[in-house]
Amino acid sequence: MKVKIRRELLEYLLELAREFYPNEVAGFLREKDGVLEEVLLVPKGYFGSSSVYFDLTLLPHDESIKGTFHSHPSPFPYPSKGDLMFFSKFGGVHIIVAFPYTKDSVKAFRSDGSEVELEVVE
Ligand SMILES: [Zn+2]
């Protein structure tokens, strides 16, 4: 099964990643009718430079949050050990955007770390 993401959201995530480079940026992803539509940014200082450290106590009680997104300042869009640990705790879908932050450097993963295809919808 593919993960669907709205084109505007994907473009916004790429823009954010470029803006924050060489730091990481991270956020929670909101889904509506099976499509990822929105990002809630995690405040700066709550994630590190080599892997994400989302503070889950910051997570709003919001049933529409179905995943996370974060950027990698390296050209390697695969989860680190820390990422995998976090993914497994959180569940859902996780998008990693790697340098140089183009559509080819975006990958999506399930909570077990397996890659899942991302489908861009208009
Ligand atoms: Zn990472």
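Report follows, based on the coordinates. The structure presented is a predicted model; accordingly, all values stated were derived computationally and were not measured. (Residues numbered from 1 in each chain as written. Predicted model: local features only at pLDDT ≥ 70, side-chain atom pairs only at ≥ 80, totals over all residues. Heavy atoms only, no water.)

1. Describing the nonpolar core
At step 1: With 20 residues, the main nonpolar core has Leu13, Leu29, Phe69, Ile95 and Val97 as its most contacted residues.
At step 2: Ranked by residues supplied to this core, first place goes to helix α1 (residues 7-20) with 6 residues.
At step 3: Filtering out sequence-adjacent residues up to four positions away, leucine 29 remains in contact with Leu9, Leu13, Leu36, Glu38, Val39, Ser64, Ile65, Lys66, Gly67, Thr68, Phe69 and Ile95.
At step 4: Residues Ala26, Phe28, Ile65 and Phe86 belong to the second largest nonpolar core, which totals 9 residues. (Core = buried A, V, L, I, M, F, W, Y, C linked by side-chain atoms within 4.5 Å. Buried < 20%, exposed > 50% of the residue type's maximum accessible area, 1.4 Å probe, protein only. Helix = DSSP H or I, 4+ residues; strand = E, 2+ residues; numbered from the N terminus. Contact = heavy atoms within 4.5 Å.)

2. Some details on the coordination of the zinc ion
Ideal values for angles at a metal depend on the geometry: 109.5 degrees with four tetrahedral donors, 90 or 180 degrees with six octahedral donors.
At step 1: His70 (NE2), His72 (NE2), Asp83 (OD) and Asp83 (OD) make up the full set of protein donors to the zinc ion, lying at 1.9 to 2.8 Å.
At step 2: Coordination at the zinc ion is irregular, judged from the 4 donor atoms that bind it and the angles of 52 to 164 degrees they form at the metal.
At step 3: Exposure remark for histidine 70: the relative accessible area of 0% places this residue in the buried category. (Donors = N, O, S within 2.8 Å, 3.2 Å for Na, K, Ca; no water. Tetrahedral: all angles 85-135°; square planar, octahedral: opposite > 155°, others 65-115°.)

3. As for unusual backbone geometry
At step 1: The omega torsion across tyrosine 21 and proline 22 is 10 degrees, close enough to zero to call that bond cis.
At step 2: Counting through the fold element by element, proline 22 comes out in the loop between α1 and β2 (26-32).
At step 3: A cis geometry characterises the amide bond from phenylalanine 99 onward to proline 100, with omega recorded as 5 degrees.
At step 4: Notably, aspartate 33 is not glycine yet its phi reads approximately 50 degrees, a positive angle.
At step 5: Secondary-structure assignment places aspartate 33 in the loop between β2 and β3 (35-41).

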